[in-house]
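Secondary and tertiary structure notes
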Amino acid sequence: VQLQAFGGGLVQAGGSLRLSCAASGRTFSSYVMGWFRQAPGKEREFVAAITRSGGSTPYADAVKGRFTISRDNAKNTVYLQMNSLKPDDTAIYYCASAARFAITVGMYDYWGQGTLVTVSS
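Worth saying up front: this structure is predicted, and the values here are computed from it rather than measured.

1. Some points on the pairing of strand β5 (residues 45-50)
For β5, the tally of buried residues reaches five of six residues, placing the bulk of the element in the interior. Two strands pair when backbone bridges link them, and strand β4 (residues 32-38) and β5 are joined in this way by five bridges, in the antiparallel orientation. Counted as the bridge partner of F36 is F46 from β5. Counted between consecutive antiparallel strands, the loop separating β4 from β5 contains six residues, among which G41 sits at a positive phi close to 80°.

2. Here we look at the side chain of R71
Note that R71 resides in strand β6 (residues 67-72). A polar atom in the side chain of R71 sits 3.0 Å from the backbone oxygen of T51. At 2.8 Å, the side chain of R71 and the side chain of N73 are in polar contact. Contacts of R71, omitting those with residues within four sequence positions, involve F28, S29, Y31, V32, M33, I50, T51, R52, G54, T77 and V78.

3. Considerations on the nonpolar core
Ranked by size, the top nonpolar core spans 37 residues in total, and within it W35, L80, M82 and Y93 carry the most contacts. Discounting chain neighbours no more than four positions away, the residues touching M82 are G15, S16, L17, L19, R66, F67, Y93 and V117.

4. Description of the pattern of salt bridges
Scanning all chains against the criterion turns up four salt bridges. With its nearest N and O atoms 2.7 Å apart, the salt bridge here joins E45 to R37. Across the salt bridge formed by R37 and D89, the nearest N and O atoms sit 2.9 Å from each other. Of this pair, R37 sits in strand β4 while D89 is found in the loop between β7 (77-82) and β8 (91-98), placing the two residues 52 residues apart along the sequence. A single burial state applies to R37 and to D89, both of which are buried. Connected through salt bridges with shared partners, the residues R37, E45, R66 and D89 form a single ionic network.

5. Some words on the packing of aromatic side chains
Within the structure shown, the criterion is met by five aromatic pairs. Between F36 and Y108 the ring centres are 4.9 Å apart and the planes differ by 75°, which places this aromatic pair in the edge-to-face class. Of the two residues, F36 sits in strand β4 while Y108 sits in the loop between β8 and β9 (110-111), which places them 72 residues apart along the sequence. Since its relative accessible area comes to 4%, Y108 is described here as buried. Ring geometry for Y94 and W111: centres 6.4 Å apart, planes at 80°, overall edge-to-face.

About the thresholds
- Residues numbered from 1 in each chain as written.
- Predicted model: local features only at pLDDT ≥ 70, side-chain atom pairs only at ≥ 80, totals over all residues.
- Heavy atoms only, no water.
- Buried < 20%, exposed > 50% of the residue type's maximum accessible area, 1.4 Å probe, protein only.
- Helix = DSSP H or I, 4+ residues; strand = E, 2+ residues; numbered from the N terminus.
- Pairing = 2+ DSSP bridges.
- Polar contact = N/O pair within 3.5 Å; in protein donor to acceptor, adjacent residues only side chain to side chain.
- Contact = heavy atoms within 4.5 Å.
- Core = buried A, V, L, I, M, F, W, Y, C linked by side-chain atoms within 4.5 Å.
- Salt bridge = Lys/Arg side-chain N within 4 Å of Asp/Glu carboxyl O.
- Phe/Tyr/Trp six-rings, centres within 6.5 Å; stacked < 30°, edge-to-face > 60°.

Any functional reading would require information beyond the geometric quantities listed.
If you want it as structure tokens, here you go:
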């Protein structure tokens with residue numbers, strides 16, 4: 001599967017952005033999807049994941065209550081709605097797919113190219 005993430009940009013603290021990740025292929029609904037981020041000088045970290053049907057959506061503590069992951073299997077797309085953004089949310093955001101439910105980087109097989117989110121104070 002090929003993934004393409006977009007929707008990043010520059011936003012002021014307290015603002016919102018919606019990231020999208022479009023997947024190619026006809027098997028999108030068979031994958032667990034995740035969002036990860038990597039800030040300058042830091043390791044890539046888990047942000048959120050969503051199961052095939054969307055029934056389970058775990059979040060990292062740092063974004064819980066502010067970010068919402070969702071998916072539209074008919075459109076082969078996963079979204080990340082980000083509200084109440086903080087400067088600490090500044091990072092490159094990546095979408096990824098996994099064959100089994102996971103929240104660790106190593107369990108995800110396919111990755112998009114990333115989209116930069118910059119939150120100014």
